[in-house]
Every structure is written in structure tokens, then in C-alpha cells.
There are 2 protein chains.
Amino acid sequence: MADSSAVDALIEALRRLPGVGVKSASRMAFHLLQHDRDAMQRIARALQEAAAEVRHCERCNTFTEAPVCSVCLDARRDATKLCVVETPADQAALERTGAFRGYYFVLMGKLSPLDGIGPKDIGISKLFERALDGAVSEVILATNFTAEGEATAHVIGEALRQRGLTVTRLARGVPAGSELEYVDLGTIAHALVDRR
Amino acid sequence: MADSSAVDALIEALRRLPGVGVKSASRMAFHLLQHDRDAMQRIARALQEAAAEVRHCERCNTFTEAPVCSVCLDARRDATKLCVVETPADQAALERTGAFRGYYFVLMGKLSPLDGIGPKDIGISKLFERALDGAVSEVILATNFTAEGEATAHVIGEALRQRGLTVTRLARGVPAGSELEYVDLGTIAHALVDRR
Ligand SMILES: [Zn+2]
Ligand SMILES: [Zn+2]
């Protein structure tokens, strides 16, 4: 497109980013070349360092640079509780609440049969190994409340109950601070069913 | 967010891409680390090579790896005609029509007073030097038919007319509000023939 194979190669490479088509990739390449060459070096170094350093925690599967992450190394947590989340961002949200002091397992995805993502593509066998370590007695399923997150929770929950563990799910309900009048009916219905 | 400063640094770096906020950057980082480490190396190398190799053509201002680009070096073109475009993508669209055989000048932007982008921020003084080389007799303004592209064409056109050049604009065969890169070739070809 430009008189430069390096520009074309950059546009092609940026298209490997999720959600970035040829139009976005061109806009990104032109912007960086025209206005922000520092960012090009910074992004390149960050990609190379992350690719070289980041691995999965042996216990919880999250991204970490050590064999075992700092949460899993925190001996003051309650080893009987294991909370299952889809991503590190979900784990971070739960940590910010301060309401959970057990350990986590990060699936790094969710079951999505339509996209060909089955149990082997997310960390389910590693989760079973972790959950059956003898110390865990309750597994709290905190996958998202989407169709795929619910399906993932269902599959994991059934398997772990068969293996003798207590399995719970985050409560569905009315978000804190909201007025019933403006909450969708499905949410109100769930909150009624899950009333405490 | 993850238990890894390398992941956090990668998310911060990806936010330097235009149109990418923290949520998109996290999604990109997690996707690459989980599913596409090859792409991380490829994007990093493409960024470094482009940052090192890509400069502006001395004559037309487009991106190139040589001092002067291949279009400017093509001696069979009509040196009396100079077509002004905003981006290399716009130039590529005009070239694909086969309807223009003169030379180009690539502004690498457009005037945008609301964003603080004035004549000094795009290649306007370099354009004046190029257009007043003695060979050019007609400057064809092919900036986009957006408010900013029209304003850019107006400012450039007035200045070049005062310096004695014939200044034309692509005909209004191009639908108002559209970007040249995405206009069908026949429309662009007609607009070139009917330039006013
Ligand atoms: Zn861990
Ligand atoms: Zn050139």
C-alpha cells in the first residue's frame, strides 16, 4: 500500500491482534509511523519480554513469571475454598471486593462448542487435579453469567460434584445500588429464585 | 492485573495503539499470550523493522525505505500534474484506477483545528516546495470529501493559486462524507476525468 514492504509487513502483523482488520491495522501503522515511533519500540519490547517471561502458574493456571504465582504462595489464605474464574481480569475483580480469602483457579477461557473450544482447550483437567488435592472442600464457580460461562460452570460443577466436592455458584441477583424499576425482568426473576 | 509485571507492561504498551483502551489492550494481551505467541514475535519484529527502515520520500512525503519512492522515480509520468492526497491508502486507491499518470504528494494527515493539527503538522510547506519546482502546472486536490478534507483542500488551493498554479479538485462524483480508500474504482475514475 505504501512504497515500503516494511509498512505492508507491519500492517499484516498487526492484523494478528484480535478484533483488528486491515482498516484498523493500516490506521495503527500509519499513526505509529507518523506520530509515535517511541511507542513502536515500547510495544515491541513489551511483546518480546512477555513472550519470553510469562508462563502459567503451576497451581492456578494464571499468567505469572514465577513457577507459582504470589496468590498461590500466600499461606494465610483458606485452602478449603477454590474459586474458578475465566480470566485474570475476573480474578482481579473478585480480589478488589476483599470478600474472598481462598485460592483461585483461572481457566483462561470458557467452553464454546460453536467456536470449537472444548474441555481440553481450557484448563479443565488441570483444574480437576488442583481441586482434588485433598485440602479443597468447596469449589465456587465464578465464571461469567453469559450462556458460555453458565455452560462452563455446569460442566465443571457436575464433574466436581461426582468427585465428592461441594460446588457453589455466585448468586444471581439485583446489582447493589439499583432500583427495581430499572432492572431487567430476567434479573429480578433470578433474584426471586435465589432469595435468601 | 495478572501476577506478572510483564503482562501489565504489555497491556500498558498496547494502549498506545490508536483506538485501543485498557479493555481492548487486556483482551489483546491475554489472546496473544494464551493462543498466539508466534504473533507476538512477528508483531515485535515488524514494529522494529518499520521503525528502523521507514522514512518519508524526499519528494512526495509518502512512507518509503529509500530516499525517493518508486512512484517519484518513475520518469514516464506527467511532471506537469501533481495530485495531493491525505494518506498512502488514498494514493493506492487512485493508482488502482489507472486514470492518473502524474505524480503525487502525500500530506500524511489533514488540517484539523479542533485537534490542534495546523499547516505545520502536515506536510504543507514541503508540498509548496514540491509544487513550485517549475515543472508542475496543475495541482489536483484529492483530499477526502469530509469537512476536514474539504478545509484542507481549500487552504492549500488558495495558497497555490496565489502562487500562479492551476488548482483543481476531484469532481463531486465522489459521495460526500466518504473516504477515498473505500470508494469504487469507477466513481474515482469519473471524478478524475471531471475534475474542476
Ligand atoms: Zn497461582
Ligand atoms: Zn515519492
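Bear in mind that the values here come from a model prediction, so they are computed numbers and not experimental data. (Residues numbered from 1 in each chain as written. Chains lettered and ligands numbered in written order. Predicted model: local features only at pLDDT ≥ 70, side-chain atom pairs only at ≥ 80, totals over all residues. Heavy atoms only, no water.)

**Let's talk about the side chain of S4 of chain B**
Tracing the sequence through the fold places S4 of chain B in the segment before helix 1 (5-14). Taking relative accessible area as the criterion, S4 of chain B reaches 3% and is therefore assigned buried. A polar contact of 2.6 Å, which involves the side chain of S4 of chain B, links it to the side chain of E65 of chain A. One polar contact links the side chain of S4 of chain B to the main-chain amide nitrogen of V7 of chain B, over a distance of 3.1 Å. When near neighbours in sequence (up to four residues on either side) are disregarded, S4 of chain B contacts V54, F63, T64 and E65 of chain A. (Helix = DSSP H or I, 4+ residues; strand = E, 2+ residues; numbered from the N terminus. Buried < 20%, exposed > 50% of the residue type's maximum accessible area, 1.4 Å probe, protein only. Polar contact = N/O pair within 3.5 Å; in protein donor to acceptor, adjacent residues only side chain to side chain. Contact = heavy atoms within 4.5 Å.)

**Looking at the UniProt feature "zinc finger region: C4-type" (unreviewed entry) in chain A**
If you check UniProt for "zinc finger region: C4-type" (unreviewed entry), the listed places come out as residues 57-72 of chain A in our numbering. End-to-end, the C-alpha atoms of residues 57-72 of chain A are 8 Å apart, and along that stretch the chain is 19% helix and 12% strand. (UniProt positions renumbered as here; feature names shortened; annotations may be inferred.)

**Details of the coordination of the zinc ion (ligand 1)**
All names here are of chain A. The protein atoms that coordinate the zinc ion (ligand 1) are C57 (SG), C60 (SG), C69 (SG) and C72 (SG), at distances of 2.3 to 2.4 Å. Coordination geometry of the zinc ion (ligand 1): the four donor atoms subtend angles of 106 to 119 degrees at the metal centre, consistent with an arrangement described as tetrahedral. Read in sequence order, the donor residues coordinating the zinc ion (ligand 1) give the pattern C-x2-C-x8-C-x2-C. C69 carries the same exposure label as C60, and that label is buried. (Donors = N, O, S within 2.8 Å, 3.2 Å for Na, K, Ca; no water. Tetrahedral: all angles 85-135°; square planar, octahedral: opposite > 155°, others 65-115°.)

**Topic: the coordination of the zinc ion (ligand 2)**
Residues and elements named next belong to chain B. The protein atoms donating to the zinc ion (ligand 2) are C57 (SG), C60 (SG), C69 (SG) and C72 (SG), with metal-donor distances spanning 2.3 Å. Taken together, the four donor atoms coordinating the zinc ion (ligand 2) span angles of 106 to 118 degrees at the metal, a pattern that classifies the geometry as tetrahedral. Read in sequence order, the donor residues coordinating the zinc ion (ligand 2) give the pattern C-x2-C-x8-C-x2-C. Taken together, the residues C60 in the loop between strand 1 (55-56) and strand 2 (63-64) and C72 in the loop between strand 2 and strand 3 (78-85) connect sequence positions 12 residues apart. There is no split in this pair, since C60 and C72 are both buried.

**Quick word on unusual backbone geometry**
Look at N61 of chain A: it is not a glycine, yet its phi comes out positive at around 80 degrees. Residue N61 of chain A is classed as buried on the basis of its relative accessible area of 7%.

**What to know about the environment of D74 of chain B**
Residue and element names in this part refer to chain B. With respect to the secondary-structure elements, D74 resides in the loop between strand 2 and strand 3. A relative accessible area of 12% places D74 in the buried class. C-alpha of D74 to C-alpha of G102: the two residues are 28 residues apart in sequence and 9.7 Å apart in space. The contacts of D74, once residues within four sequence positions are left out, are R101 and Y103. Among the polar contacts listed, one links the side chain of D74 to the side chain of R77, at a separation of 3.3 Å.

**Here we look at the sheet that holds strand 4 (residues 102-106) of chain A**
Residues and elements named next belong to chain A. The parallel open sheet is built from four strands, whose spatial order is 4-3-5-6. The open sheet has two edge strands with one neighbour each: strand 4 and strand 6 (166-169). Taken pair by pair, the neighbouring strands of this sheet meet at an average axis angle of 25 degrees, ignoring direction. The sheet strands contacting helix 5 (residues 88-97) are strand 3 (78-85) and strand 4, and the helix crosses strand 4 at an angle near 160 degrees. Lying over the sheet, helix 7 (residues 147-162) contacts strand 3, strand 5 (138-141) and strand 6, oriented at roughly 165 degrees with respect to strand 6. (Pairing = 2+ DSSP bridges. Axes fitted to C-alpha atoms, helices over the stretch in contact; angles between N-to-C directions.)

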